[in-house]
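Listed below are the residues making up each chain.
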Amino acid sequence: MKIDVLALFPEILAPALQTGILRRAQEADKLAVNVHHLRDWATDKHQSVDDYLYGGGAGMILKPAPIFSALADLNREGTAHVIYLTPQGTPFTQSLAEALSLETHLILLCGRYKGIDERVRDRLITTEISIGDYVLSGGEIAALVLIDAIGRVLPGALGDYESAQVDSFSNELLDYPHYTRPAEFKGMHVPEVLLSGHHENIERWRYAEALKRTAERRPDLLQQLELSAEDVAILEAAGFCR
């Protein structure tokens, strides 16, 4: 997969892209990330890319011309999926990350200031995505969230690909509790079922714990699921109601 990032502060992204899973994915040629400075497409001597709002109001917005020129260069074949990072976009989810991981070329446009000229959105943007109901100083951090979430589900990006498939939200539930050695620590014990070696019972326990944790912490997720009679029985026994 190829990801191009168009940003006003590209230096924000560099350290994360050179670390951990993202570094390994790039070294294994599973992922290619190129970060571009928007000012490279400015045409005046000051390399200005923002201007005042028509109609008045506080703040500045990114001008259309540099963005149009940049995307024309980065998307010469016209096949890239162009994403604008904005609080006004579709909420980013694990399922959306997995869907985007199937694309071959993504371009992430990072906003700054009050945002971008609306004509860019009208003509060039494929999808607008939000990572949450809050406002950041710019889209660079949001772009890193997308790159990390998408990159780690690419086959071969993780040493253990199965690990990505059982993360939180992979089955629309939060992840189940995890334990490692020692079996007893400060009077706290690992559940006996995890020490039993009985894989069917372990998987049943893990699913039940994921279901209960989701009911406790994110009941809104359960509203989107069609629960089985067994699921309902697990929740009722734990004192939860859907």
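Criteria and thresholds
Residues numbered from 1 in each chain as written. Predicted model: local features only at pLDDT ≥ 70, side-chain atom pairs only at ≥ 80, totals over all residues. Heavy atoms only, no water. Core = buried A, V, L, I, M, F, W, Y, C linked by side-chain atoms within 4.5 Å. Buried < 20%, exposed > 50% of the residue type's maximum accessible area, 1.4 Å probe, protein only. Helix = DSSP H or I, 4+ residues; strand = E, 2+ residues; numbered from the N terminus. Contact = heavy atoms within 4.5 Å. 1 Å grid on protein atoms, 1.4 Å probe; cavity = no way out; pocket = protein on both sides within 12 Å on 5 of 7 lines; lining within 4 Å. Points joined across faces, edges and corners; volume = space filled by probe spheres on them. Nonpolar A, V, L, I, M, F, W, Y, C, P; charged D, E, K, R; others polar. Salt bridge = Lys/Arg side-chain N within 4 Å of Asp/Glu carboxyl O. Pairing = 2+ DSSP bridges. Axes fitted to C-alpha atoms, helices over the stretch in contact; angles between N-to-C directions. Polar contact = N/O pair within 3.5 Å; in protein donor to acceptor, adjacent residues only side chain to side chain. Patch = residues over 30% accessible without salt bridge, like charges linked within 9 Å, V, L, I, M, F, W, Y side chains within 5 Å. Areas by Shrake-Rupley, 256 points an atom, 1.4 Å probe, with all protein chains shown as cover.

J.: An account of the nonpolar core is requested, with residue identities and associated values reported.
T.: Judged by nonpolar contacts, the single largest core of 28 residues is most densely connected at I3, V5, L31, L108 and I147. For this core, the secondary-structure elements that each account for two or more residues are β1 (2-7), α2 (20-27), β5 (81-91), α4 (94-100), β6 (105-110) and α6 (140-151). Ranked by residue count, the leading element in this core is α6, at seven residues. Not counting residues within four places of it along the chain, the set of residues in contact with I3 comprises L31, A32, V33, N34, L106, L108 and I147. Counting residues in each nonpolar core, the second largest holds 19 residues, with W41, A70, A80 and I116 among its members.

J.: I'd like to hear about the layout of surface pockets, residue by residue, with values.
T.: Within this model, the largest pocket holds a volume of roughly 340 Å³. Along its surface, the largest pocket is lined by 23 residues, and L85, T86, P87, V135 and L136 are the ones closest to its centre. Top element by residues in the lining of the largest pocket is β5. It accounts for five residues. Across the lining of the largest pocket, the residue classes tally to 11 nonpolar, nine polar and three charged.

J.: Break down the pattern of salt bridges for me, with residues and values.
T.: If charged atoms from side chains of opposite charge come close, those side chains can pair. Counted by the stated rule, this structure contains 11 salt bridges. Close ionic contact of D73 with R76 constitutes a salt bridge, the shortest N to O distance being 3.2 Å. Judged by relative accessible area, which is 34%, D73 ranks as partly exposed. Classification of R76 by relative accessible area gives exposed; the value is 66%. With a shortest N-O distance of 3.7 Å, E118 and R121 are connected by a salt bridge. In this pair, E118 and R121 both sit in helix α5 (residues 118-123), three residues apart, roughly one turn of the helix. R121 gets classed as buried once you look at its relative accessible area, which sits at 14%. In the salt-bridge network here, residues are joined through shared partners; they are E118, R121 and E128.

J.: Requested: an account of the sheet that holds strand β7 (residues 127-130), with residues and values cited.
T.: Sheet architecture is open: five strands sit in the order β2-β1-β6-β5-β7, paired in parallel fashion. Single-partner strands in this sheet number two, and they are β2 (32-37) and β7. With direction set aside, neighbouring strand axes in the sheet form an average angle of 30°. Examined bridge by bridge, β5 and β7 share five bridges and lie parallel to one another. Bridging from a neighbouring strand, P91 pairs with S130 of β7. The sheet strands contacting helix α3 (residues 64-74) are β1, β2, β5 and β6, and the helix crosses β6 at an angle near 165°.

J.: Pulling in residues and values, what's your account of the side chain of R112?
T.: Among the secondary structure elements, R112 is positioned in the loop between β6 and α5. Among the residues examined, R112 registers a relative accessible area of 13% and is labelled buried. A polar side-chain atom of R112 sits 3.3 Å from the main-chain carbonyl oxygen of S137. When neighbours within four sequence positions are excluded, R112 is seen to be in contact with L8, F9, I12, L62, S137, G138 and E140.

J.: Please set out a nonpolar patch on the surface residue by residue, giving values where relevant.
T.: Taken together, I12, Y134, L136, I141 and V145 make up a surface patch of nonpolar side chains, about 390 Å² in accessible area. The exposure class of L136 is partly exposed, given its relative accessible area of 33%.

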